[in-house]
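Summary of structural features
The residues making up each chain are set out below.
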Amino acid sequence: MYTLYGTDESGSCMIEIALQRCAVPWHRVQASSWQDGEGSDALARINPLKQIPTLVTPNGQVLTESAAIMIHLGLEYPKAELLAGDRTQILRGLLYIAANCYSAIGIIDYPQRWLGNA
């Protein structure tokens, strides 16, 4: 079974959809770097940076980075068609978003995570 560490309103949503398309058993552990709790403590044990999404594969490998997780699932489960089409452009798009957009979107969409009670 896959274990996905993540929370609502985060990049883990994309991985949840991908896991559903892959039709594999999985569950989500509620966790993030900005929430305290049992799930976040568990996440810190396997990923000290507490990055989400973090995916633990059935054989125990720990994967971080949305693009890397999507590529892994796409290659592991080709029938899910996560990488269907022009693979060159799909990979380019995944990496472009991760490298250039992802962090900015997190700050713009949820400034309260970064500003505290200011």
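The paragraphs below set out a description of the structure included in this document.

Parameters at a glance
- Residues numbered from 1 in each chain as written.
- Predicted model: local features only at pLDDT ≥ 70, side-chain atom pairs only at ≥ 80, totals over all residues.
- Heavy atoms only, no water.
- Helix = DSSP H or I, 4+ residues; strand = E, 2+ residues; numbered from the N terminus.
- Rg over C-alpha atoms; globule rule 2.2 N^0.38 Å.
- Buried < 20%, exposed > 50% of the residue type's maximum accessible area, 1.4 Å probe, protein only.
- Contact = heavy atoms within 4.5 Å.
- Areas by Shrake-Rupley, 256 points an atom, 1.4 Å probe, with all protein chains shown as cover.
- Lys, Arg positive; Asp, Glu negative; His and termini not counted.
- Charge placed at Lys NZ, Arg CZ, Asp CG, Glu CD.
- Phe/Tyr/Trp six-rings, centres within 6.5 Å; stacked < 30°, edge-to-face > 60°.
- Patch = residues over 30% accessible without salt bridge, like charges linked within 9 Å, V, L, I, M, F, W, Y side chains within 5 Å.
- Salt bridge = Lys/Arg side-chain N within 4 Å of Asp/Glu carboxyl O.
- Pairing = 2+ DSSP bridges.
- Axes fitted to C-alpha atoms, helices over the stretch in contact; angles between N-to-C directions.
- Parallel < 35°, antiparallel > 145°, perpendicular 65-115°, else oblique.
- Nonpolar A, V, L, I, M, F, W, Y, C, P; charged D, E, K, R; others polar.

Here's the deal with the overall build of the protein chain
Scanning the protein chain from N- to C-terminus turns up five helices and four strands. Relative to the globule expectation of 13 Å for 118 residues, the C-alpha radius of gyration of the protein chain, 15 Å, shows essentially globular dimensions. Principal-axis analysis of the C-alpha atoms places the extent of the protein chain at approximately 45 × 30 × 20 Å. Classification of the 118 residues of the protein chain by burial places 36% in the buried group. Sequence-distant contacts, at least 24 apart, represent 50% of the contacts inside the protein chain between residues at least 6 apart. For the protein chain, the exposed surface amounts to about 7300 Å²; the carbon and sulfur share of it is 55%. Where the 8 positive side-chain charges of the protein chain centre and where its 11 negative ones centre are 5 Å apart.

A short note on the packing of aromatic side chains
This structure, assessed with the given rule, holds one aromatic pair. The interplanar angle of 70° and the centroid separation of 6.4 Å between the aromatic rings of Tyr2 and Tyr77 together place this pair among those described as edge-to-face. Residue Tyr2 is located in strand E1 (residues 2-6), and its partner Tyr77 is located in the loop between helix H3 (66-76) and helix H4 (87-109); the two are separated by 75 residues in the primary sequence. According to the relative accessible area criterion, Tyr2 is buried, its value standing at 3%.

Quick look at a nonpolar patch on the surface
A cluster of nonpolar side chains, namely Ile107, Trp114 and Leu115, defines an oily patch on the protein surface of about 360 Å² accessible area. Relative to the helices and strands, Leu115 resides in helix H5 (residues 112-115). Residue classification places Leu115 among the exposed residues on the basis of a relative accessible area of 57%.

Points about the sheet that holds strand E4 (residues 62-64)
Pairing is mixed across the open sheet formed by four strands, whose spatial order is E2-E1-E3-E4. The open sheet is flanked by strand E2 (26-30) and E4, the only strands paired with a single partner. Neighbour to neighbour, the strand axes of the sheet diverge by 20° on average, direction disregarded.

Some remarks on the packing of helix H1 (residues 12-22) against H3
Between H1 and H3, whose axes approach to 10 Å, the crossing angle comes to 5°. Comparing the axis directions of H1 and H3 gives the class roughly parallel. Each of Met14, Ile15, Ala18, Leu19 and Cys22 in H1 lies in contact with H3, whose residues at this interface are Ser66, Ile69, Met70 and Leu73. Of the residues assigned to the contact of H1 with H3, the class counts are eight nonpolar, one polar and no charged.

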